[in-house]
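Breakdown of the fold
Letter by letter, the chains look like this.
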Amino acid sequence: MIRQAAFPVVIGVAVLSASTVGAEDVMVVYDASGSMWGQIDGMTKIEIAREVMADLVEGWAPENNIGLVAYGHRREADCGDIETVVPVGTLEQSRFLDVVNAINPLGRTPLSASVEHAAEALAYRENPATVVLISDGIENCEADPCALASQLAQQGIAFKTHVIGFDVASDEQAQLACIAENTGGIFLPAADAEELGDALAQVQSVIEEQPDPEPEPEPEPEPEITARIDVTAPKSVVVGSAFMAGWSEAVADTDFVTIVPADADTDALDNYIRVRGETEGELIAPAEPGLYEVRYVLDATRESVGAAPIEVVDATVDLGVAATLTAGAPFDVTWSEAIHPNDFVGIVPAGADEGQVGTYLRVRDGREGDLVAPAAAGLYEVRYVLDEGRRTLGTASVEVVEAEVSVSAPGTVTAGSVFDVSWSNVINANDFVGIVPAGADEGEVGNYLRVRDAAEGELTAPAEPGLYEVRYVLDEGRRTMASASIEVTEPEITVSAPESVVAGASFDVSWTGTVNGNDFVGIVPAGADEGEVGNYLRVRDAAEGELTAPGEPRLYEVRYVLDEGRRTMASASVEVTEPEITVSAPESVVAGASFDVSWTGTVNGNDFVGIVPAGADEGEVGNYLRVRDAAEGELTAPGEPGLYEVRYVLDEGRRTMASASVEVAEPQITVSAPESVVAGASFDVSWTGTVNGNDFVGIVPAGADEGEVGNYLRVRDAAEGELTAPGEPGLYEVRYVLDEGRRTMASASVELTAPEVSVSAPETVRAGDRFSVSWTGTVNASDFITIVPAGAEAGATGDYVRTRDAAEAEFEAPEAPGFYEVRYVLDSGRATAASTGFEVIAADAALSQGATLKVPETAAPGATITVTWTGGTDSADQRVALARAEQADFTWIDVKPAGAEQAVTFTVPEEPGRYEVRYLDIPGRAVLGRAIVTVE
């Protein structure tokens, strides 16, 4: 049988334009895994997918049916979260897109199970099927998509998958590519939306080139077969097992290697693989024993050009299971061998049709597992069933007997109460014990608990009185195994409250007859709908508590409401009345200033007193304070002058109960600063008319936006202070800015001039040596002197010292030779005010500062060395010294006068190490030359 191609489509993130396929059923598998919230170029992948889906349905051919499967859209860590959300049928664009747009990424990526789900929905074993899978990630549900692809290709009618890896890491693409390769499709990576479009276009062109399903064959001349293909296979294999076949060469990538009956027609094609340029691959043996051939079949002509005989031998699998099982209980089963990992072990009624597996497990590579016995007693068979052909290879007869379980509960309980139940034994930990109305349908559980490994537990009684049953219900088949009658009776509950309370006030309530600690006592408008609780409290284990009255005066009810069913069990009427409140404030205050307010008639400590513009909307509080248990307090006036109101506002309902008018006036403020200061320097400022101690005085560039403060200080209770100038010269403003509203009230211009700073250092130093740096023109004691690589970015710092009140400092030269800079860096803005370059040379390099020494690089312990030099000075006392490398400059092991012959000798120490020869100008306290000699 030849399996030919057709075009049902499965898509993970986006899909192909419908114009690329014929009149076919199309199943879209939509990726809703959590990774779809990732972004590409600022746009989430789920948004890109939704746009592509919108383009898809807009151009969908009306003759093509379409369906939608989503995965990972309901639960975070559930690999079984796969759902057909739109069954295959005629496209309804708006409904389809509404479903797509309502899907939000949440869960995992069960690629294998999702593709299999869609393939089964398309009946891929009976119909040709092409899959287009676009995924942003790899399988993370412990399945093998590569193996699944091979299985689907072998079992399906010309099953093919094209795969696009959307924003998938390069090292993960192989897992997606193999899905395409194992089914004869193509794999394309896409890094962004544009590449995704290009990849879809390429897949479109591939599909457009494919023939329609079952095309009428064009008469063609018989091809001349110039060579035969050598095919190799085992002499025999077991039914349904996987085995390796080989072939001497691949004529075309799309050729087939298949296993067919020995007498099958030359163009027959059964379980097969595409050769794909390989010379070996894995096939699945048929389910029926007999003589077969492994054939190499040309895709172009369906002609067999090579074959190898193979015998498929039968097998029997022995099953081990208890002779008697309890209905609904888990039980152990073993099997003597696993022929193929995808084979099934399941339990079915005795004599069930061939191929049935009932409740089952996959054998994988194990030899034992757990099943759950059916809920109904009777004779059953445990079967080992081949995945290939669903043929039974082994059976074991078992009898499922009725479970013995009883359940106990009180004869009566109060509606909504929690009560104890118990059961005699656990059949399955996932079974239920629940309470339902007497005579409820089989399978109902009502309020329930799972039995787990316990023998007792707690249930909550329904809210409505009546006759009920507590049932033990099997998880398997939802069958009731035991029940106990129970009467739910009306509770006797009362609730008490004051006849009247003030709007927004807290008040005491009490109740009797508590049913459940989670029940509510709440206040609602008289006649409110059943189940409303309004402002409420949970009753817990108390008999009294405190509620807050609503903000609107009217008639209300305090209700006791069951948590179970939200049923009102008792109520008491209460009238909420208008409170009598006053508020007082000054007639006028200065913008941004603090001012006193007072009030009478406090209702609730959480109420507000605040200042808002005159006529502001109800509920606004502006700058505010909570009234607590006080009768006065302090507010801050807004920054903008104008007419305002001070309001007393209830916390409950944000209702204004009293107000007083207040005018906010402009303050009179001045600020003073020098006309010019040096960039980065500290300077004095002063001001008059302080409004609020939290106001700012700061320095900002001239014309800076309102509200900026730059380098600043809080005015507190002072009239003067010190600011630090920014590091960049230019025109600036010193501003007095209100803390309230960040409004500028006064400013003074100041020009920042460039500082006159210099820094000095030696031109050359050896790596690791200590050397001195000096500077002039210190701007700020917090400025830095630092060493950085030559050309380092502005603001960079290496080893540094603060300038403080010094003019020089000592540094250690960097270990790496090269060119460096000593920089004077302003603390304000990290601007470089001055710099000088220097070179770091190797730690053992000769160093000349007026005299150049020549010494041996190495010497033996105790050896005599000759030192010569050039240069020097006119000083009367010049000497050549031998010292340890780390010794101070003017200490030594041996020293000799620098004579006119310009040569001296030294005996080096016996101790190995690094030593230094120095040319010293004693009166000038200068080292004119250095050279290293290593004793080894």
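Residues numbered from 1 in each chain as written. Predicted model: local features only at pLDDT ≥ 70, side-chain atom pairs only at ≥ 80, totals over all residues. Heavy atoms only, no water.

Summing up its helical and strand segments, the protein has 6 helices and 73 strands in all. Excluding contacts between residues fewer than 6 apart, the proportion of contacts in the protein whose partners are at least 24 apart in sequence is 66%. By element, 45% of the accessible surface of the protein is carried by carbon and sulfur atoms, the whole surface being about 42400 Å². (Helix = DSSP H or I, 4+ residues; strand = E, 2+ residues; numbered from the N terminus. Contact = heavy atoms within 4.5 Å. Areas by Shrake-Rupley, 256 points an atom, 1.4 Å probe, with all protein chains shown as cover.)

One can expect most non-glycine residues to show negative phi and most peptide bonds to be in trans. The backbone of Arg364 sits at a positive phi, close to 50 degrees, despite the residue not being glycine. Turning to its location among the elements, Arg364 is positioned in the loop between β21 (359-362) and β22 (368-372). Phi angles above zero are rare outside glycine, and Arg742 is one such case at about 50 degrees. With respect to the helices and strands, the residue Arg742 is situated in the loop between β55 (730-737) and β56 (744-753).

Now for the side chain of Asp695. Of note, Asp695 is situated in the loop between β51 (682-688) and β52 (696-701). Here Asp695 occupies a buried position and makes no salt bridge, while the nearest side chain of opposite charge, Arg714, is found at 6.7 Å. A polar contact of 2.8 Å, which involves the side chain of Asp695, links it to the backbone nitrogen of Asp739. Setting aside chain neighbours within four positions, we find Asp695 in contact with Leu713, Arg714, Val715, Tyr736, Val737, Leu738 and Asp739. (Buried < 20%, exposed > 50% of the residue type's maximum accessible area, 1.4 Å probe, protein only. Lys, Arg positive; Asp, Glu negative; His and termini not counted. Salt bridge = Lys/Arg side-chain N within 4 Å of Asp/Glu carboxyl O. Polar contact = N/O pair within 3.5 Å; in protein donor to acceptor, adjacent residues only side chain to side chain.)

Inspection of the secondary structure assignment puts Asn604 in the loop between β43 (594-600) and β44 (608-613). Polar side-chain contacts of Asn604 include one of 3.3 Å to the backbone oxygen of Gly504. At 3.0 Å, the side chain of Asn604 forms a polar contact with the backbone nitrogen of Asn606.

This part takes up the environment of Trp599. Locating Trp599 in the fold gives a position in strand β43. A sequence separation of 33 residues divides Trp599 from Glu632, and the C-alpha atoms of the two residues are 6.2 Å apart. Here the side chain of Trp599 touches Ala630 through a polar contact of 3.1 Å, landing on its backbone oxygen.

A turn of α-helix holds 3.6 residues, and therefore any two residues three or four places apart point the same way. Among all positions in helix α2 (residues 93-102), only Phe96, Leu97 and Val100 are buried. Burial along α2 is one-sided: seen end-on, the buried residues are contained in an arc of 90 degrees. The exposed residues of α2 that point more than 90 degrees off its buried face are Ser94, Asp98 and Ala102. (Arc of directions from axis to C-beta.)

In this structure, Leu393 sits in strand β24 (residues 392-401). A C-alpha to C-alpha distance of 9.5 Å links Leu393 and Ala287, two positions 106 residues apart in sequence. Once you skip the residues sitting within four places of it in the chain, Leu393 turns out to touch Val239, Asp314, Ala315, Thr316, Val317, Ile339, Tyr384 and Leu386.

Right, let's get into the sheet that holds strand β11 (residues 242-247). Strand order in the open sheet made by the 3 strands is β9-β11-β14, with antiparallel pairing throughout. The sheet is open, and its two edges are formed by β9 (231-232) and β14 (280-284), each paired on a single side. Where β11 lies against β14, 5 bridges are found, and the strand directions are antiparallel. By the bridge assignment, Ala242 is partnered in β14 with Ile284. (Pairing = 2+ DSSP bridges.)

Glancing now at the packing of aromatic side chains. Enumeration over the complete set of coordinates arrives at 11 aromatic pairs. Taking the centre distance of 5.0 Å and the plane angle of 85 degrees together, the rings of Phe344 and Tyr360 count as edge-to-face. Separated by 16 residues along the polypeptide, Phe344 in strand β20 (residues 344-349) and Tyr360 in strand β21 bring together distant segments of the chain. Taken together, a centroid distance of 5.1 Å and an interplanar angle of 85 degrees make the contact between Phe608 and Tyr624 edge-to-face. One end of the pair, Phe608, is in strand β44; the other, Tyr624, is in strand β45 (residues 623-626), and 16 residues separate them in sequence. What makes Phe608 buried here is its relative accessible area of 1%. According to the relative accessible area criterion, Tyr624 is partly exposed, its value standing at 44%. Note that Lys896 overlies the ring of Phe906, its terminal NZ or CZ placed 5.1 Å from the centroid. The ring of Phe890 carries Arg925 above its face, with NZ or CZ at 5.8 Å from the centroid. (Phe/Tyr/Trp six-rings, centres within 6.5 Å; stacked < 30°, edge-to-face > 60°. Lys NZ or Arg CZ within 6 Å of the ring centre and 35° of its normal.)

Within the secondary structure, Gly320 sits in strand β17 (residues 319-321). Among the residues examined, Gly320 registers a relative accessible area of 28% and is labelled partly exposed. What Gly320 contacts, discounting residues up to four positions off in sequence, is Asp332, Val333 and Thr334.

Glancing now at the sheet that holds strand β30 (residues 456-460). Taking strand neighbours across the sheet as the criterion, the 3 strands line up as β25-β27-β30 in an open arrangement whose pairing is antiparallel. Two strands close off the open sheet at either side, each with one partner strand: β25 (407-408) and β30. Alignment of β25 against strand β27 (residues 418-423), held across 2 bridges, turns out to be antiparallel. Looking at β27, one finds that Ser408 is bridged to Ser422.

Looking now at the pattern of salt bridges. Applying the stated criterion across every chain, the model contains 32 salt bridges. For Glu557, the salt bridge is made with Arg559, and the minimal N-O distance between the two is 3.4 Å. Given the relative accessible area of 14%, Glu557 is considered buried. Judged by relative accessible area, Arg559 falls into the buried class, the value being 6%. The network of salt bridges with common partners includes Arg766, Asp769, Asp889, Glu916, Arg918 and Arg930.

Our focus in this paragraph is the packing of helix α3 (residues 111-121) against helix α4 (residues 145-155). It is the contact of α3 with α4, at a shortest axis distance of 9 Å, that shows an interaxial angle of 20 degrees. In terms of their interaxial angle, α3 and α4 are classed as roughly parallel. Regarding α3 and α4, the two cross each other, and that crossing is right-handed. Contact with α3, carried on its side by Ser112, Val115, Glu116 and Ala119, involves Pro145, Leu148, Gln151 and Leu152 of α4 and no other residues of that element. Split by residue class, the contact of α3 with α4 holds 5 nonpolar, 2 polar and 1 charged. (Axes fitted to C-alpha atoms, helices over the stretch in contact; angles between N-to-C directions. Parallel < 35°, antiparallel > 145°, perpendicular 65-115°, else oblique. Left-handed = near helix turned anticlockwise from the far one by under 90°. Nonpolar A, V, L, I, M, F, W, Y, C, P; charged D, E, K, R; others polar.)

Right, let's talk about the confidence of the model for the protein for a bit. Overall, the predicted model of the protein reaches an average pLDDT of 87, with 90% of residues at or above 70. Across residues 219-223 the pLDDT falls below 50, and counting only partners more than four positions away or on other chains, this stretch makes 1 contact in the model. (pLDDT = per-residue confidence, 0-100.)

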